[in-house]
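Secondary and tertiary structure notes
Here are the chains, one letter per residue:
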Amino acid sequence: MSCILHIETSTKVCSVAVSQDGAVIFEQKDTEGPNHAVKCGVFVDEALSFAESHAIPLDAVAVSEGPGSYTGLRIGYSMAKGVAYGRNVPLIALPTLEILCVPVLLYRADELEDDALLVPMIDARRMEVYAAVFDRALRTVRPIGADVVDAQTYAEYLQRGPVYFFGDGSAKCREVIGHPNAHFLPDVFPLAKNMCPLAEMRMARGEFADVAYSEPFYLKEWGER
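Worth saying up front: this structure is predicted, and the values here are computed from it rather than measured. (Residues numbered from 1 in each chain as written. Predicted model: local features only at pLDDT ≥ 70, side-chain atom pairs only at ≥ 80, totals over all residues. Heavy atoms only, no water.)

What follows is about the environment of Arg160. By secondary structure assignment, the location of Arg160 is in the loop between helix H4 (155-158) and strand S9 (163-166). For Arg160, a relative accessible area of 53% corresponds to the exposed category. Along the sequence, Arg160 and Asp115 sit 45 residues apart, while their C-alpha atoms lie 8.6 Å from each other. Beyond its immediate stretch of four places on either side in the chain, Arg160 contacts Asp115, Leu117 and Val141. (Helix = DSSP H or I, 4+ residues; strand = E, 2+ residues; numbered from the N terminus. Buried < 20%, exposed > 50% of the residue type's maximum accessible area, 1.4 Å probe, protein only. Contact = heavy atoms within 4.5 Å.)

Structural data, given as structure tokens:
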């Protein structure tokens, strides 16, 4: 087990957390944003000071890699890479849509049927979202894509059984997805504290990003927009 600094800035929420041995021991978040340029550095300084004041050495930095806000991702990613480089610790890059699934699987699992599918969504523009489809074991059923949402966008999955939509892109989809198998979960946001189980797994497997060359998913897949 280890001590990991977590940074999440993919949406208007800016959050930073520290975990030790799989448990969150420090958290700061701002939901009034986007205020990433102002808040992220302050939160990271407070997190590092907290760890140092408790004589806890930092073992890794985890960052949400997107998709999401271009500006937010750049700020969070730059901060994470700077800390990882300066402290000589590894960098862990986590897909934002997987992070969104964590609170649903941890705290709302009793609401999910065994064959349920999860569709986390990040708002883009108009009726566009960045979304993926996962099963309850967080296995990828359909990889991340930029979707223009209408009544037929997720029809093949809705025909199979219950599908749960959540994230800040899901609210605008509720009006156009009227299938009886469609369920919408409110108030699910990507937060740094929810990065902990995913980061721990990658840490244990030695799955690290290249501190020098790693980029946000947003830039890797779709280029600068």
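Back to the text.
Spatially, five strands are ordered S3-S2-S1-S4-S5 in an open sheet, and the strand pairing comes out mixed. Looking along the sheet, the strands with just one partner apiece sit at the ends: strand S3 (23-30) and strand S5 (91-94). The average undirected angle you get between the axes of adjacent strands in this sheet is 15°. Two strands pair when backbone bridges link them, and strand S1 (residues 3-8) and strand S2 (residues 14-20) are joined in this way by six bridges, in the antiparallel orientation. Within the sheet, the bridge partner assigned to Glu8 lies in S2 and is Ser15. Against the sheet, helix H2 (residues 70-87) makes contact with S1, strand S4 (60-64) and S5, and its axis sits at roughly 170° relative to S4, the strand it touches most. (Pairing = 2+ DSSP bridges. Axes fitted to C-alpha atoms, helices over the stretch in contact; angles between N-to-C directions.)

According to the stated counting rule, one finds three aromatic pairs in the structure shown. Note on Phe165 and Phe184: the rings are 5.2 Å apart at their centroids and 25° apart in plane angle, and the pair reads as stacked. Separated by 19 residues along the polypeptide, Phe165 in strand S9 and Phe184 in strand S10 (residues 182-185) bring together distant segments of the chain. A relative accessible area of 0% places Phe165 in the buried class. (Phe/Tyr/Trp six-rings, centres within 6.5 Å; stacked < 30°, edge-to-face > 60°.)

Okay, helix H3 (residues 96-107) next. With nine of twelve residues buried, H3 is to be regarded as a mostly interior element. When H3 is considered as a whole, its buried residues turn out to be Thr96, Leu97, Glu98, Ile99, Leu100, Cys101, Val102, Pro103 and Val104.

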